[in-house]
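An overview of the molecular structure
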Amino acid sequence: MRRPQRSAVAPLPARATLAPACPLEGLGSAGPNDRADPGDLETFALPDELLAVLRRRGFTSAAAIAALLEPPAAPDPQLHFADLSKAVARLQTSCAAGEAVAICGDYDADGMTSTALLVGVLQRLGARPVAAIPSRQDDGYGLNAPMVERLEAGGVRLLVTVDNGISAREALERARDLGVEVILTDHHSLPAEHPPYLALLHPACTPEGSPYRGLAGVGLAYVLAQALCLKLKRADALAVALDLFCIGTVADMAPLLGVNRRWLMDGLPRLGASGLPGLQALARVAGLEEGPMDATTIGFQLAPRINAVGRLGDPRLVVELLTTGDPERALELARECEALNRQRKELCEAIEAEAVALVEADGPRRSAFLLLAQGHWHHGVIGIVAARLVERFGRPVALLSSEGKGRLRSSVRSPKGFAVDQALQQCADLLERFGGHPAAGGFTVRAEQVAALQERLEGLAQSWLAERGEGLPLEPEAHLALGRIDRAFWQQLRRLEPFGIGLAAPLFWCARCRVLEQRLLRGGHLQLTLEQGESRLRAIAWRWQGQGPLPEQVDVAFRLRLDRWQGQERLQLELAGVRCSGAGEVLLLRRERSYWCRRQGRACSSAMPPARRWRPPSARWGRPPLSTPTSAP
């Protein structure tokens, strides 16, 4: 599970890059020869700035934009999941017989919402589902053999895994030996040799180009539940399943493409009026006002409260919260989630302070790979802190805490471009266990191997850093003057929602903004009032890293947000970067040509090198001279 982060803001160097993003797969992106006539695009009535963003992302045809704005309905899943009918038939038998069925989930938001979804649906269909989620502290990740043995001894003859299981060979072989059937639903990497199971639902097993390829664990649970309800002609049993799909999909940062996008567009508008007492209670303790919820609300308000339980408490608390029909019990459970979330924040702040002190104790020349260890750090939150340190220092980070018996357990995070999974693979001989993907991972290592591990990771990071250079790249997609920002523009921007992985909220930039007011808020956030011409807007820089006051005139890179506070709504800029105006140049990339634009006096000159294939270096809108923001709490 990757927790969404609100990026820290630090001052930026002089050069900025406007670079095209790669076309998005699965949304009908057009090729280079499939370009629309500008008149065709006018039919969408989108502002020029948004059309520029879409073109830069590869949406160059009217058909591609139409598919983005109104995705097609999900196709028949039976044509995409070979084992779906087998899984449905087995569950149909369980529902008819009132059989005990174990739903074996994971302790992140995706795993807990997946578990709650299937538990709720199977209860309404007549089965006796049992939630079985391992403890992060005691059991570690995924299904294990002792869990299987306990469930079998309790009379369970069918297990359904959600968000895990495909790599649990030992547990699945034990289930086979005990005569327990297993339906696997998982979206993690497939092993070279599959373990034993009755049926498997996995996105990678769908046909190439399938719109189901981006499903997280909760999406697979929804596919299974939907097919079962259709078979039994019980659409009523699926009533709140789409609500849980929305929460788990956004919380797990699944790509918002294909059926994920279609189902989120169907489910998000009704989420604020959900029939789940637990969801209403969670929104209440989070201080959310009544009304529609969007992906940002889930990612930064609801998901952290759910994940805090998996990090620090018993995940079954969340399953009960999201399945109970009793509003009073739901509120009681939601308050427990809130208490654990406050504890999570305190732990993160304390560990981050210790980690920053350790880094700064080494002086201004920092290691290329930051590997930091303290035995008392809590396993459940070191991943969050590692992500914050990546934002702060622009380097890959591994935080280690004690696992006992001479071993340390780690969470690893990295900036874009440094592949964590490949780096750990090159250190396999030094590690007890490891796993992950390009942006994040984890490992267990014996204490006596830590020095050798640090040396090897440092060498890998030095080579990467020498090629990439210092600072985190920041690539605005379109210029947006403050005078263009109003409610009409906001409503047009919302037509592109939901935003998330695979379809990020556009990053705009605006030049020569006058700083009328700047105020440092509690928590280290910087609030600005900016003026351009006759337009004024408030801006917020989360976890500001700059030193001293800003100059009178700045350029800003930002995303546009709607701020709700005490019943009032206003548009504000969420800053990703700030720099002094007029001090540098902008690199514009258009097809195969590169244009450097620099200000000369009051005019702006441009230079164009010969046409050539050119991959831009990491653009630095980025670190000192001015600053960029880190994660919001």
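Taking 1.5 Å as the rise per residue, helix α17 (residues 450-468) with 19 residues should run 27 Å; its terminal C-alpha atoms sit 26 Å apart, in good agreement. Along α17, the residues classified as buried are V450, L453, L457, E458, A461, W464, L465 and R468. Projection of α17 onto a plane perpendicular to its axis shows the buried side chains occupying an angular sector of 135 degrees, all on one side. Turned more than 90 degrees away from the buried face of α17, the exposed residues are A451, E455, S463, A466 and E467. Where α17 is buried, its residues meet β8 (370-373), β9 (397-404), β10 (407-413), α16 (420-425) and β12 (440-446). G469 sits one or two residues past α17 and shows a positive phi near 90 degrees.

For the rest of this paragraph, the subject is the packing of aromatic side chains. All told, the structure shown has nine aromatic pairs when counted by the stated rule. Look at Y222 and F245: their rings are 5.7 Å apart centre to centre, the planes differ by 40 degrees, and that puts the pair in the tilted class. Taken together, the positions of Y222 in helix α8 (residues 217-232) and F245 in helix α9 (residues 241-251) put the pair 23 residues apart, joining distant regions of the chain. F245 shares its class with Y222; the two are buried. An aromatic cluster of at least three residues, connected via ring pairs, comprises F81, Y212, Y222, F245 and W263.

This part is about the sheet that holds β10. Ordered by their spatial adjacency, five strands build an open sheet running β8-β9-β10-β12-β11, and the pairing between neighbours is mixed. Each edge of the open sheet carries a strand with a single partner, namely β8 and β11 (433-437). Direction aside, the axes of adjacent strands within the sheet are offset by 20 degrees on average. The pairing of β11 with β12 spans five bridges and is classified as antiparallel. Bridging from a neighbouring strand, R433 pairs with T444 of β12.

If you walk through the whole model with that rule in mind, you get 32 salt bridges. In this structure, E70 and R262 form a salt bridge, with 2.8 Å as the shortest nitrogen-oxygen distance. Here E70 is found in the loop between α3 (62-69) and α4 (84-97), whereas its partner R262 is found in helix α10 (residues 258-271), with 192 residues between them in sequence. For R169, the salt bridge identified is with E173, shortest N-O distance 3.2 Å. Residue R169 and its partner E173 are both found in helix α7 (residues 169-178); the two are separated by four residues, about one turn of the helix. For R169, a relative accessible area of 27% gives the class partly exposed. The structure contains a network of salt bridges with shared partners spanning R514, E531, R536 and E552.

As summarised here, the arrangement of the five strands in space is β4-β3-β5-β6-β7, forming an open sheet in which the pairing is parallel. The strands lining the two open edges of the sheet, one partner per strand, are β4 (128-132) and β7 (199-201). Across the sheet, the mean angle from the axis of one strand to that of its neighbour is 20 degrees, orientation sign disregarded. With three bridges connecting them, strand β3 (residues 100-104) and strand β5 (residues 158-162) associate as parallel partners. Directly across from A102, in β5, lies its bridge partner L159.

Moving on, we come to the pairing of β5. With respect to burial, β5 is a largely interior element, five of its five residues being buried. Neither face of β5 is exposed, since L158, V160 and V162 on one face and L159 and T161 on the opposite face are all buried. Strand direction decides the pairing type here: β5 and strand β6 (residues 181-185), joined by five bridges, are parallel. Bridge assignment links V162 to a residue of β6, and that residue is T185. For the crossover that starts at β5, traverses α7 and ends in the parallel β6, the hand is right-handed.

With that settled, consider the side chain of T113. Its place among the elements puts T113 in helix α5 (residues 109-124). Of note is the side chain of T113, whose polar atom sits 2.7 Å from the backbone oxygen of A109. Ignoring sequence-local partners within four residues, the contact set of T113 consists of V218, L244, I247, G248 and L322.

Relative to the helices and strands, A504 is located in the loop between α18 (487-494) and β14 (508-520). Of the residues examined, A504 reaches a relative accessible area of 36% and is grouped as partly exposed. Along the sequence, A504 and P255 sit 249 residues apart, while their C-alpha atoms lie 9.7 Å from each other. In contact with A504, other than residues within four places in its own chain, are R57 and F499.

When the pLDDT values of the chain are averaged, the result is 85; 84% of them are 70 or greater. Confidence, expressed as mean pLDDT per element, reaches its minimum in the chain at strand β21 (residues 603-607) with 38 and its maximum at α4 with 98. Contacts of residues 13-34 to residues separated by more than four positions or lying in other chains number 77 contacts, the stretch itself having pLDDT below 50. Ignoring residues within four places in sequence, the model shows residues 602-633, a span with pLDDT below 50, making 144 contacts including any to other chains.

At a minimum axis separation of 10 Å, helix α11 (residues 277-285) and helix α12 (residues 295-312) run at an interaxial angle of 105 degrees. When the interaxial angle is binned, α11 and α12 end up roughly perpendicular. Touching L279, L282 and A283 of α11 are L302, R305 and I306, all from α12. A per-class count over the contact of α11 with α12 returns five nonpolar, no polar and one charged.

In this section: the pairing of β8. Examined bridge by bridge, β8 and β9 share four bridges and lie parallel to one another. Bridge pairing in β9 links L372 to L399. Following the chain from β8 across helix α15 (residues 382-393) to the adjacent parallel β9, one finds a crossover that is right-handed.

With that settled, consider the packing of helix α6 (residues 145-153) against α7. For the pair α6 and α7, the least separation of the axes is 8 Å and the interaxial angle reads 30 degrees. It follows from the interaxial angle that α6 and α7 lie roughly parallel. Our pair here, α6 against α7, has a crossing hand that is right-handed. Facing α6, whose interface residues are A145, V148, E149 and E152, α7 presents E170, A171, R174, A175 and L178. Counted by class, the contact of α6 with α7 contains five nonpolar, no polar and four charged residues.

Cut-offs and rules
Residues numbered from 1 in each chain as written. Predicted model: local features only at pLDDT ≥ 70, side-chain atom pairs only at ≥ 80, totals over all residues. Heavy atoms only, no water. Helix = DSSP H or I, 4+ residues; strand = E, 2+ residues; numbered from the N terminus. Expected span 1.5 Å × (residues − 1). Buried < 20%, exposed > 50% of the residue type's maximum accessible area, 1.4 Å probe, protein only. Arc of directions from axis to C-beta. Contact = heavy atoms within 4.5 Å. Phe/Tyr/Trp six-rings, centres within 6.5 Å; stacked < 30°, edge-to-face > 60°. Pairing = 2+ DSSP bridges. Axes fitted to C-alpha atoms, helices over the stretch in contact; angles between N-to-C directions. Salt bridge = Lys/Arg side-chain N within 4 Å of Asp/Glu carboxyl O. Right-handed = clockwise from strand over helix to strand, strands pointing away. Polar contact = N/O pair within 3.5 Å; in protein donor to acceptor, adjacent residues only side chain to side chain. pLDDT = per-residue confidence, 0-100. Parallel < 35°, antiparallel > 145°, perpendicular 65-115°, else oblique. Nonpolar A, V, L, I, M, F, W, Y, C, P; charged D, E, K, R; others polar. Left-handed = near helix turned anticlockwise from the far one by under 90°.

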